Amino acid sequence: MAIATTNPATGEIEKTFEALSDTEVDERIARAAATAVEFRRTSFADRARWMNASADYLDAAVEEIARVMTTEMGKTIVAARAEVKKCAKGCRFYAEHAEAMLADEPGDAAAVGASRAYVRYEPLGPVLAVMPWNFPLWQVIRFAAPALMAANVGLLKHASNVPQTALLIEETFRRGGFPEGAFQTLLIGASSVERILRDPRVRAATLTGSTPAGRSIGSIAGEVIKPAVLELGGSDPYVVMPSADVERAAQTAVTARVQNNGQSCIAAKRFIVHSDVADAFEASFVARMQALRVGDPMDEETDVGPLANEQGLLDVEKYVDDAVSRGARILCGGTRLDRPGWFYPPTVITDLTPEMSMYHEEIFGPVAQLFRVNDAAEAIALANATVFGLGSNVWTRDAAEQDLFVRSLEAGAVFVNGMTTSYPELPFGGIKESGFGRELSAQGIRAFCNVKTVWVG
Ligand code: NAP
């Protein structure tokens, strides 16, 4: 894919970039490796100062960065501003808590015949981060803030359609005061990733992206024995049971499905509603989806902007057309908008069967699949009938039922009476084909640490 800014609201190419040559990539890796040697000796206090200054820069540059993101991938300007602010908070969170999260942990010295035994967390060195365009700042910051605070150094290969955002991230950490080489953006295509991952100076990798990309990076990392975190796709269930506040569930369902123009890994994608409340939920949900304003993402009144690229639009169209041709029923939306750019309207679709491809795959656009079930067991079986296991949502006010769903849903997270989202304070990640490893919280910062056991006789 060409490295370029193509505005999804118009389909026009606004800026193109040359990919780095292999020699230039090698120079950047050498710089990362050299920086890693010195950087691991810096103090938490120094790194926290640089991280907080990076957060200050993000806060000061909210408008500039938000406009670049909206231009490059079409999220609404309101959502883009919120993302930049969330990133500043994420940086501050790790500036404040990293030292405590990575403090030495005493072990039971007497039990192992030592005078002292403890665990210490040490950096691994250069980490390659392969990132997607959908939250082009947050996906990177949630890797970079903990990684840098743990004294690792970062090499970013961002998605090819967000090069200006990618360069702004490097600029953010440079302006924050981090040493040159602590965080570098490599403008390269996906085909250059394997060479970098195989380079012995690169010690680990993280990928947020599709399952096929995860398979590729995971298998190479396995071959060269390097730790990897994989944050992949999802088709999260959103279950509504009879005791739920149905109106609130329907209102939240809209945000859960159309946030980021429907392009979020943890978006609720399959709405599984108990038959006792299905009519009420459907009526409210469909009315709210229809009422959303689709349009120019730079307009503050817009709820849903375009899909990020033409292929994304074609994929959504294909899934919907396939389902309709096999008997699915459209409750609203269902056909692309007749205007320049890659716009698809908020869509609700029902009467779905396993013969339809969207039943099994991830649909990355504002299309909600609506199912009716007769009891909790049926809801759980359908919720788990997917290769994915990222987030999950259930609405019920019955305490025993809450407990049943928390225990039974196969996912990296369960949100009860709310929608799945990410917080720096809580771990984030999936199971099954949604990936492995965790980001955020103390788990995320330790993901790229050597957990060193120390035994002193
Ligand atoms: P993608 O095609 O997998 O791209 C993600 C990144 O991987 C890009 O930088 C891409 O580079 C690179 N890439 C693609 N194929 C590769 C390969 N074979 N080897 C090495 N690198 C490769 O995914 P996307 O379409 O941008 O993003 C949407 C997907 O990401 C969805 O499935 C979504 O659910 C998932 N996602 C998951 C999470 C999570 O936290 N679990 C969060 C957000 C998104 P190019 O751009 O140059 O192709």
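Residues numbered from 1 in each chain as written. Predicted model: local features only at pLDDT ≥ 70, side-chain atom pairs only at ≥ 80, totals over all residues. Heavy atoms only, no water.

All right, on to the nonpolar core then. One finds Met51, Leu137, Phe143, Phe173 and Phe183 to be the most contacted residues of the largest nonpolar core, which totals 83 residues. If you tally residues by element for this core, the top one is helix 4 (residues 77-101), at 11 residues. Here this core gathers at least three residues from each of two domains, domain 1 (4-232 + 431-456) and domain 2 (236-416). If we skip the residues at most four places from it in the chain, Phe143 touches Val127, Ala129, Met131, Gly154, Phe183, Thr206, Glu439 and Phe448. Of all hydrophobic cores here, the second largest spans 29 residues; its members include Tyr319, Ala328, Met356 and Ile380. (Core = buried A, V, L, I, M, F, W, Y, C linked by side-chain atoms within 4.5 Å. Buried < 20%, exposed > 50% of the residue type's maximum accessible area, 1.4 Å probe, protein only. Helix = DSSP H or I, 4+ residues; strand = E, 2+ residues; numbered from the N terminus. Domains from an automatic or database assignment. Contact = heavy atoms within 4.5 Å.)

Our focus in this paragraph is the sheet that holds strand 13 (residues 347-350). Read from one edge to the other, the open sheet built from seven strands follows the order 12-13-14-11-10-16-17, with strand pairing classed as mixed. Every other strand in the sheet has two partners, leaving strand 12 (329-332) and strand 17 (415-416) as the edge strands with one partner each. (Pairing = 2+ DSSP bridges.)

This part takes up a negative patch on the surface. Taken together, the side chains of Asp296, Asp299, Glu301 and Asp303 present a region of like negative charge at the surface. On the secondary structure map, Asp299 appears in the loop between helix 10 (275-290) and helix 11 (310-325). (Patch = residues over 30% accessible without salt bridge, like charges linked within 9 Å, V, L, I, M, F, W, Y side chains within 5 Å. Areas by Shrake-Rupley, 256 points an atom, 1.4 Å probe, with all protein chains shown as cover. Salt bridge = Lys/Arg side-chain N within 4 Å of Asp/Glu carboxyl O. Lys, Arg positive; Asp, Glu negative; His and termini not counted. Charge placed at Lys NZ, Arg CZ, Asp CG, Glu CD.)

On to helix 8 (residues 211-223), then. Given a rise of 1.5 Å per residue, 13 residues ought to cover 18 Å, and the 18 Å separating the end C-alpha atoms of helix 8 matches this to within 8%. The set of residues buried in helix 8 consists of Thr211, Gly214, Ile217, Ile220 and Ala221. Of the surrounding elements, those touching the buried residues of helix 8 are strand 5 (126-130), helix 7 (193-198), strand 8 (204-208), strand 9 (228-231) and strand 15 (388-389). Within two residues after helix 8, Ile225 carries a phi angle of roughly 55 degrees, on the positive side. (Expected span 1.5 Å × (residues − 1).)

Our focus in this paragraph is the pairing of strand 2 (residues 12-16). Taken across its five residues, strand 2 has zero buried, putting it largely on the surface. In this structure, strand 1 (residues 4-7) lies alongside strand 2, joined through four bridges in antiparallel fashion. Note that in strand 2 the partner of Ala4 across the bridge is Thr16. In sequence, strand 1 turns back onto strand 2 through a hairpin of four residues, with Gly11 there showing a positive phi of about 80 degrees.

This next bit is on the pattern of salt bridges. Counting across every chain of the model gives 31 salt bridges. Among the ionic pairs, Arg40 bridges to Glu122, the shortest N-O distance being 3.8 Å. Placement of the pair is Arg40 in the loop between helix 1 (22-39) and helix 2 (44-60) and Glu122 in strand 4 (residues 116-123), with a sequence separation of 82 residues. Taking relative accessible area as the criterion, Arg40 reaches 40% and is therefore assigned partly exposed.

Once that is clear, we can look at the site of the ligand. Taken together, the neighbourhood of the ligand is formed by 29 residues, with Arg142, Ser160, Ser210, Leu232 and Glu362 sitting nearest. Between the ligand and Trp133 there is a distance of 2.8 Å, counted from an oxygen atom to a side-chain nitrogen or oxygen. Contact distances for the ligand include 2.5 Å between an oxygen atom and a side-chain N or O atom of Ser210. For the ligand, whose accessible area on its own is 900 Å², the fraction buried by protein is 84%. Every element with two or more residues in the shell around the ligand is listed here: helix 5 (138-149), strand 8 and helix 8. The dominant element in the shell around the ligand, judged by the number of residues it contributes, is helix 8, at three residues. (Near = heavy atom within 4 Å. Polar contact = N/O pair within 3.5 Å; in protein donor to acceptor, adjacent residues only side chain to side chain.)

Moving on to the side chain of Thr386. Its location among the elements puts Thr386 in the loop between helix 13 (376-384) and strand 15. Only 3.0 Å separates the side chain of Thr386 from the backbone nitrogen of Phe388, close enough to count as a polar contact. If we ignore the near neighbours within four places in the chain, the residues touching Thr386 are Ser235, Arg270 and Lys432.

What follows deals with the sheet that holds strand 6 (residues 153-157). Read from one edge to the other, the open sheet built from six strands follows the order 7-6-5-8-9-19, with strand pairing classed as mixed. Both outer strands of the open sheet, strand 7 (183-185) and strand 19 (435-436), are each paired with one neighbouring strand and no more. Two strands pair when backbone bridges link them, and strand 6 and strand 7 are joined in this way by three bridges, in the parallel orientation. Bridging from a neighbouring strand, Leu155 pairs with Gln184 of strand 7. Against the sheet, helix 5 touches strand 5, strand 6, strand 7, strand 8 and strand 9, its axis set at about 150 degrees to strand 7. (Axes fitted to C-alpha atoms, helices over the stretch in contact; angles between N-to-C directions.)

On to the packing of helix 2 against helix 5, then. Any two packed helices are characterised by how steeply their axes cross, that is the angle between the axes, and by the distance between the axes. Across the interface, helix 2 lies against helix 5 with an axial gap of 9 Å and an inter-helix angle of 155 degrees. Judged by the inter-axis angle, helix 2 sits roughly antiparallel to helix 5. Only Ala144, Ala145, Leu148 and Met149 of helix 5 make contact with helix 2, whose side of the interface consists of Phe44, Arg47, Ala48 and Met51. (Parallel < 35°, antiparallel > 145°, perpendicular 65-115°, else oblique.)

Moving on, we get to the domain arrangement of the chain. Per the domain assignment, the segments of the chain are domain 1 (4-232 + 431-456) and domain 2 (236-416). Distance between the C-alpha centres of domain 1 and domain 2: 30 Å. Listed per partner, the contact involves 28 residues of domain 1 and 31 residues of domain 2. Both sides of the domain 1 and domain 2 interface together cover about 2,300 Å² of buried area, and 57% of this is carbon and sulfur. Counting every contact that joins domain 1 to domain 2 gives two salt bridges. Its salt-bridge partner being Arg81, residue Glu300 comes within 3.0 Å of it at the nearest N-O pair. The tally of links from domain 1 across to domain 2 stands at 14 residue pairs in polar contact (both at pLDDT 80 or more). (Buried area = accessible area lost by both parts, 1.4 Å probe.)

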